[in-house]
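Listed below are the residues making up each chain.
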Amino acid sequence: MSTPDAPTIAELEEQERCLTLPRFTHDDAWTLGTLLVELAREREAPVAIDIRRGGQQLFHAALPGSAPDNDAWIDRKRRVVERYAASSLLVGTRFRAKNTTFEASSRLDPDTYAAHGGAFPITIEGAGVIGTVVVSGLPQLEDHALVVEALTHFKGR
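Everything numeric here is computed off the predicted structure, so don't read it as measured data.

> Could you give me a rundown of the overall build of the protein chain, with the residues and numbers involved?
Secondary structure assignment for the protein chain yields 6 helices and 4 strands. Shown N-terminal to C-terminal, the secondary structure of the protein chain runs as helices and strands in the order α-α-β-β-α-α-α-β-β-α. When the backbone C-alpha atoms are referred to their principal axes, the protein chain occupies close to 40 × 40 × 30 Å. Residues classed as buried in the protein chain amount to 48% of the 157 residues present. Contacts in the protein chain between residues far apart in sequence, at least 24 positions, make up 68% of those at least 6 positions apart. Accessible surface computed for the protein chain: about 7700 Å², of which carbon and sulfur atoms make up 49%. Computed over 17 positive and 22 negative side-chain charges, the separation of the two mean positions in the protein chain equals 6 Å.

Below is the structure:
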């Protein structure tokens, strides 16, 4: 998988607007999760995948080559989405646009929060952010791109 160019703040915000969903059920989590697994397997990507709604984990998969550390990254990136209601890559990009870093300026524990790409909000029309979909195991731009690709396919089905 080639490394994508770093998207701009405007591009990341547009992704979030375009990927707002009409609903998101337990069955939808299974569908999205299995789509992510299929995409990752096609690329032999050593990732872990996690989908949550509220406080409930609805889907989790760890593919060959992933490690327990990927689950720790999932948790750290997911917490950023839950706190900021934006993708972890967007949050990190906003800090970098201010000539600082998330780690230096957020005042949050870097062992608990990571504004690295790969965590994306599940946003429902009229309800806002209700959950997260997270991939960990690739470079952060690739983690993010994989989630966006899967959500785009999922929404278009």
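Okay, back to it.
> Go over the packing of aromatic side chains, please, and point to the residues and values.
Tallying each qualifying case throughout the model produces 4 aromatic pairs. A ring pair is formed by Phe24 and Phe154, whose centres lie 6.1 Å apart and whose planes are at 65°; its orientation type is edge-to-face. Note that Phe24 is positioned in the loop between helix H1 (9–18) and helix H2 (26–42) and Phe154 in helix H6 (residues 140–156), a separation of 130 residues in sequence. Aromatic pair Phe95 and Phe102: ring centres 5.4 Å apart, planes at 90°, arrangement edge-to-face. Here Phe102 falls in the buried class, since its relative accessible area comes to 3%. One aromatic cluster is present, built from ring pairs that chain together Tyr84, Phe95 and Phe102. When the ring centre of Trp73 is taken as origin, the NZ or CZ atom of Arg76, which lies over that ring, is 4.2 Å away.

> Before we move on, could you go through the sheet that holds strand E2 (residues 56–62) and cite the residues and values that matter?
Spatial strand order, E2-E1-E4-E3: 4 strands in an open sheet with antiparallel pairing. Each having just a single partner strand, E2 and strand E3 (119–124) make up the two edges of the open sheet. Neighbouring strand axes in the sheet, compared pairwise and without regard to direction, differ in orientation by 15° on average. The pairing of strand E1 (residues 48–53) with strand E4 (residues 128–136) spans 6 bridges and is antiparallel. Bridging across to E4, Ile51 finds its partner in Val133.

> Explain the environment of Glu103 to me, using residue names and the numbers behind them.
Position of Glu103 relative to the elements: it lies in helix H5 (residues 102–105). Between the C-alpha atom of Glu103 and that of Glu44, which follows or precedes it by 59 residues, the distance is 31 Å.

> Could you give an account of helix H4 (residues 88–97), with specific residues and numbers?
With 7 of 10 residues buried, H4 lies mostly within the body of the structure. If you check which residues of H4 are buried, you get Ser88, Leu89, Leu90, Val91, Gly92, Thr93 and Phe95.

> Describe the pairing of E4, naming the residues involved and giving the relevant values.
Looking at chain direction, E3 and E4 are connected through 6 bridges and run antiparallel. In the strand pairing of E4, Phe120 is matched with Val133. Between E3 and the antiparallel strand that follows it, E4, lie 3 residues; Gly126 among them carries a positive phi value of about 80°.

> Requested: an account of the environment of Phe95, with residues and values cited.
If you trace the backbone, Phe95 turns up in helix H4. Once the C-alpha coordinates of Phe95 and Ala62 are considered, the two residues, 33 residues apart in sequence, prove to be 30 Å apart.

> If you had to explain the pattern of salt bridges to someone new, which residues and values would you point to?
Under the definition given, this model contains 9 salt bridges. With a closest N to O distance of 3.0 Å, Glu14 and Arg17 form a salt bridge. Of this pair, Glu14 and Arg17 both sit in helix H1, 3 residues apart, which is roughly one turn of that helix. Residue classification places Glu14 among the partly exposed positions, given a relative accessible area of 36%. Taking relative accessible area as the criterion, Arg17 reaches 52% and is therefore assigned exposed.

Scoring rules and cut-offs
Residues numbered from 1 in each chain as written. Predicted model: local features only at pLDDT ≥ 70, side-chain atom pairs only at ≥ 80, totals over all residues. Heavy atoms only, no water. Helix = DSSP H or I, 4+ residues; strand = E, 2+ residues; numbered from the N terminus. Buried < 20%, exposed > 50% of the residue type's maximum accessible area, 1.4 Å probe, protein only. Contact = heavy atoms within 4.5 Å. Areas by Shrake-Rupley, 256 points an atom, 1.4 Å probe, with all protein chains shown as cover. Lys, Arg positive; Asp, Glu negative; His and termini not counted. Charge placed at Lys NZ, Arg CZ, Asp CG, Glu CD. Phe/Tyr/Trp six-rings, centres within 6.5 Å; stacked < 30°, edge-to-face > 60°. Lys NZ or Arg CZ within 6 Å of the ring centre and 35° of its normal. Pairing = 2+ DSSP bridges. Axes fitted to C-alpha atoms, helices over the stretch in contact; angles between N-to-C directions. Salt bridge = Lys/Arg side-chain N within 4 Å of Asp/Glu carboxyl O.

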